[in-house]
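Chain by chain, the residues:
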Amino acid sequence: MKIWLSLLIGSLAMLAVLWCTSLPLGVPGEWTWDRAATEPDSPWNLASGLVISSMFIAFVIRGRQRFEAFAESSRYRFESVAWLAGLVVLGVAWLWLVQEIAPIKNRVGKSAFVLYYPSSSGYFTRARYDDPRAGALLARYEELMREGDVLHTGTHPPGLFLVFHGLFMLCESSPVLSAFLDATQPGSFRESCDVIATNSLRGHPPRTLLPLDRRVLWLATLIVMFSASLTVVPLYGLIRRSVSAANAWTCAALWPAVPALAMFIPKSDAAFPCLGMLLVWIWLTAWERRSLWLSWLAGLMTWCCLLCSLAFLPVLLAAFCLTLGGNLWQFVRDRRGRTAINSGTAFTSPLTLRHGLCLLAAVVGGAIPTVLLGVFAHINLLTVWWWNYQNHAGFYRQYPRTYWKWLLVNPLELSFAAGWPIAFLALLGCVHGLSSGFRGRGSGWGTQTLKIVTSLTLVWGILWVTGKNSGEAARLWLLFMPWLIWLASFEIESMLSQSNDPDVRQRISLRILAIQFLVCLLTVTRISGFHMDSN
């Protein structure tokens, strides 16, 4: 009962701050998020949102029933894949619709403004106008980084620019894809493109927004929405290592209801969680199975991630802690005379020569494309990454931040961005995981949860206390928000395992989902994730 009261009171308190006060959402004078004004159709839109979220939750509950029914049967693998595929599709639909029922400035049409204008992104602009040839861009990329831009261009490797070059080539070469993109653009997106077209003709120099440009902007939006929803697959795979299939399904289904996810589409930040969780999933599987080819794939995946952003470095640190860190923890326990348990998992496997080869394969997987890009595209990625780091540090010299203020604000902003139910259950999951691990419950569950909890909280704690994100944590920490659900899964598992009655477990799951989706709906329709007044 105390947990439910805390979930309800905390959620109502946060929604009251958003809807009933004018308290600044951030630090005034440094960075704040804007509230969106209500519109005449807002009540009807909210009612529509409740209906849509109810349908989503009904699907999740039905899926939970099936997961409980077939978890031990031979059909488990096939049917679980089918249900996860359905969750991805419904996740895309939810992310699309929850934006469309928001105030006009927060609807899907915002994607065109965000992707087109350099002030909010810049990758489309450079690929379309400044450097339309990818080879030429790569050849002068180190020189571009030395210019010291501290915003989008200077702080990122060339991956996102190459993505847009690829999208242009794809749309130009596929009439079928072009027809699909033309047919699926919603009205809000078309209207935004019309505004951009008018403004661009008045610019200096004047620019024409071609049908190809509209298709690329819309394709990029769809890819981000799909990637954001696809995160449920690796998230389910990681959570499934520690909890039952039905509970892992329930937890993964919370991800589309993270408010920040819908708020920051189409920014690449909304697609990064999928890449980050997939990287961790592949690496842990490779380590557990001592698979050289999976280790190589994890190395290649690491390279792809770092080609897009250095924000993935904490993900790599977390993956390291979950594998080699697990062995260090086992060594400490053995030195204290306590026998390590569950030694067959990726978190506690004894180090062998095969593990050394896995590490080598991962290094090779990342080194080969780095060398090939240097030889054929004349770009030294190591130098680029160094300049990216330096330029990111330069941001805070140009835009000073008060360290202690953001040290206090960031956890609060994270709670709003993830939704109070997820944030609160993650906190309880940390406490539950730590206590279970230190008690050593006689099975692998306690030790495994302890390693996951300590690894994820350690990495996030380093990010927090070092002040690397002093402002926009709701967006910049989106990459790590699946970790909150991973941590919350331990508390949810504890809550659901207290009853042997499937109906009781379904009711508990229903309540958690209902509160989180309501928080998501009311947050997305109230907060603007982008400052686009200048556009």
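Conventions used here
Note on numbering: residues in each chain are counted from 1, in written sequence order. Owing to the predicted nature of the model, reporting of local features is limited to residues with pLDDT of at least 70; listing and counting of side-chain atom pairs is limited to 80 or more, with chain, interface and lining totals taken over all residues. As a rule here, side-chain values come from all non-hydrogen atoms in the structure, and water together with hydrogens is ignored. A score between 0 and 100, pLDDT records how confident the predictor is in each residue. Contact definition: two residues touch when any of their heavy atoms are within 4.5 Å. Between Lys or Arg on one side and Asp or Glu on the other, a salt bridge is scored when a side-chain nitrogen of the former is within 4 Å of a carboxyl oxygen of the latter. Secondary structure elements follow DSSP: runs of H or I no shorter than four residues count as helices, runs of E no shorter than two count as strands, and numbering proceeds from the N terminus. Here the term buried applies to any residue with accessible area under 20% of the maximum for its type, exposed to any over 50%, and partly exposed to those in between, with areas from a 1.4 Å probe on protein chains only. Two N or O atoms count as a polar contact when they lie within 3.5 Å, although within protein this holds only if one can serve as hydrogen donor and the other as acceptor, and sequence-adjacent residues are included solely when both atoms are side-chain atoms. Whether two strands pair comes down to DSSP finding at least two bridges between them. The angle between two axes is taken between their N-to-C directions and runs from 0 to 180 degrees, where each axis is a line fitted to C-alpha atoms and a helix contributes only its stretch in contact. Each angle is binned into one of four classes, with values under 35 degrees roughly parallel, values over 145 roughly antiparallel, values of 65 to 115 roughly perpendicular, and all other values oblique. Following the grouping adopted for this structure description, the nonpolar residues are Ala, Val, Leu, Ile, Met, Phe, Trp, Tyr, Cys and Pro, the charged ones are Asp, Glu, Lys and Arg, and the polar ones are all others, Gly among them.

**A few points about the confidence of the model for the chain**
Right, so step 1: In this model, the chain carries an average pLDDT of 90, and 91% of its residues clear a pLDDT of 70 or more.
Right, so step 2: pLDDT under 50 marks residues 338-344. Its contacts with residues more than four places away, or in other chains, come to 19 contacts.

**Let's talk about the pattern of salt bridges**
Right, so step 1: The tally for this structure, following the rule as stated, stands at 14 salt bridges.
Right, so step 2: Between Arg107 and Glu39 there is a salt bridge, and its shortest N-O distance comes to 3.9 Å. On the criterion of sequence distance, the pair formed by Arg107 in the loop between helix H3 (76-100) and helix H4 (110-116) and Glu39 in the loop between strand E2 (31-35) and helix H2 (42-70) is long-range, its members being 68 residues apart.
Right, so step 3: In this structure, Asp131 and Arg126 form a salt bridge, with 2.9 Å as the shortest nitrogen-oxygen distance. Across the pair, Arg126 and Asp131 agree in class, each one buried.
Right, so step 4: A network of salt bridges, in which partner residues are shared, links Glu39, Asp41 and Arg107.

**Digging into the side chain of Gln99**
Right, so step 1: With respect to the helices, strands and loops of the structure, Gln99 is situated in helix H3.
Right, so step 2: Setting aside residues up to four positions removed in sequence, Gln99 forms contacts with Asn106, Arg107, Val108, Lys110, Met225, Ala262 and Ile265.

**Thoughts on the environment of Arg241**
Right, so step 1: Summarising the element assignment, Arg241 is placed in the loop between helix H12 (232-239) and helix H13 (245-252).
Right, so step 2: Of the polar contacts made by the side chain of Arg241, one reaches the side chain of Thr285; its length is 3.1 Å.

**Examining the pairing of E2**
Right, so step 1: Inspection of the sheet shows strand E1 (residues 25-27) paired to E2 by three bridges, in the antiparallel sense. Bridge assignment links Leu25 to a residue of E2, and that residue is Trp33.
Right, so step 2: Linking two consecutive strands that pair antiparallel, namely E1 and E2, is a turn of three residues; a positive phi of about 90 degrees is found at Gly29 within it.

**Points about the packing of helix H1 (residues 2-20) against helix H25 (residues 502-524)**
Right, so step 1: Between H1 and H25, the least distance of the axes is 10 Å, while the angle of their chain directions is 10 degrees. Comparing their axes, H25 and H1 come out roughly parallel. On the side of H1, the interface is formed by Trp4, Leu7, Leu8, Ser11, Leu15, Leu18 and Trp19, while H25 contributes Ile508, Arg511, Ile512, Ile515, Val519, Leu522 and Thr523.
Right, so step 2: Within the contact of H1 with H25, the residues separate by chemical class into eleven nonpolar, two polar and one charged.

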